[in-house]
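Chain by chain, the residues run as shown.
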Amino acid sequence: MKLRALATLLLVAVAPIGCGGGASERAIQVRMRYSRYLPAMITVKAGTTIDFTLNNTDPIDHEFIIGTAAQQLAHERGDPDDPHTGPGEAAIAGNTTRHLRFTFAEPGTFQFACHRPGHYAYGMKGTITVTRA
């Protein structure tokens, strides 16, 4: 029963926004729980703008930073007090929800991750695969 509910949640989480052909926007819900992301793997088409709903159900702060593997390593080595207000970056206080809009212009592989102390090393990261439109 729990697997059916999870499957339904994932289908709803990646449903397209709006109606009609050629929609270039999608809504994706990402839940943060026990310092993990759900879902941890996302696939989108190039040219799509995603409205991420970032739901932090943990009592501690998390981040959602989109970037390449090299950019994630730079964040990991950077300032732990960075407010993360740039494109594709959000800080989410414990037990709160935020929205982040991001357009994936080109195909490629990206990561999303949290760089609060110890979170990235613990495995708080995911993958976004951007396919050709």
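Residues numbered from 1 in each chain as written. Predicted model: local features only at pLDDT ≥ 70, side-chain atom pairs only at ≥ 80, totals over all residues. Heavy atoms only, no water.

## Focus: the overall build of the chain
Short version of the rule: Numbering goes from the N terminus for both helices and strands, where a helix is a DSSP run of H or I of at least four residues and a strand is a run of E of at least two. Relative accessibility under 20% of the residue-type maximum defines a buried residue, over 50% an exposed one, and the middle range a partly exposed one, all with a 1.4 Å probe and only protein chains included. Any pair of residues with heavy atoms lying within 4.5 Å of one another is described as a contacting pair. All accessible-area figures derive from a Shrake-Rupley calculation using a 1.4 Å probe, and residue coverage is judged against the displayed protein chains alone.
Along the chain, the regular secondary structure elements total 3 helices and 9 strands. Tracing the chain from N to C terminus, the helices and strands come up as α-β-β-β-β-β-α-β-β-β-α-β. Within the chain, the fraction of its 133 residues that count as buried is 37%. Residue pairs at least 24 apart in sequence account for 67% of intrachain contacts in the chain once pairs closer than 6 positions are excluded. Of the roughly 7,600 Å² of accessible surface on the chain, 58% is carried by carbon and sulfur atoms.

## A closer look at the pattern of salt bridges
Definition in use: Salt bridge, as used here, is a side-chain nitrogen of Lys or Arg placed within 4 Å of a carboxyl oxygen of Asp or Glu.
The final tally for this structure, using the stated rule, is 2 salt bridges. As a salt-bridge pair, Glu25 and Arg101 come within 3.3 Å of each other at their nearest N and O atoms. Of this pair, Glu25 sits in strand S1 (residues 25–33) while Arg101 sits in strand S7 (residues 96–104); the two residues are 76 residues apart in sequence, bridging distant segments of the chain. Here Glu25 falls in the partly exposed class, since its relative accessible area comes to 33%. Owing to a relative accessible area of 47%, Arg101 belongs among the partly exposed residues under this scheme. Between Asp58 and Arg33 there is a salt bridge, and its shortest N-O distance comes to 3.9 Å. Of the two residues, Asp58 sits in the loop between strand S4 (48–56) and strand S5 (62–67) while Arg33 sits in strand S1, which places them 25 residues apart along the sequence. On the accessibility criterion, Arg33 (29% relative accessible area) is partly exposed.

## Concerning the side chain of Gln72
Mapped onto the secondary structure, Gln72 falls in helix H2 (residues 69–77). If sequence neighbours within four positions are ignored, Gln72 has contacts with Ile65, Ile66, Gly67, Gln111, Phe112, Ala113, His115 and Tyr120.

## A look at the sheet that holds strand S8 (residues 108–113)
Put simply, the rule reads: Strand pairing follows a simple DSSP-based rule, namely that at least 2 bridges must link the two strands. Orientation is described by axes fitted as lines to C-alpha atoms, over the contacting stretch for helices, and by angles from 0 to 180 degrees between their N-to-C directions.
Pairing is mixed across the open sheet formed by 5 strands, whose spatial order is S3-S9-S8-S5-S6. The outermost strands of the open sheet, each flanked by one partner alone, are strand S3 (41–45) and strand S6 (89–92). Direction aside, neighbouring strands of the sheet carry axes that sit 20° apart on average.

## So, the nonpolar core
Formally: Within this scheme, the nonpolar core is defined by two criteria: the residues are buried Ala, Val, Leu, Ile, Met, Phe, Trp, Tyr or Cys, and they are joined through side-chain atoms within 4.5 Å.
One finds Phe52, Leu54, Phe64, Ile66, Phe104 and Ile128 to be the most contacted residues of the largest nonpolar core, which totals 23 residues. Elements represented by at least two residues in this core include exactly S1, S3, S4, S5, S6, S7, S8 and strand S9 (125–131). Setting aside its immediate chain neighbours within four residues, Phe52 contacts Ile28, Val30, Ile42, Phe64, Ile66, Arg98, His99, Leu100, Phe102, Phe104 and Ile128.

In short, geometric facts, not functional conclusions.
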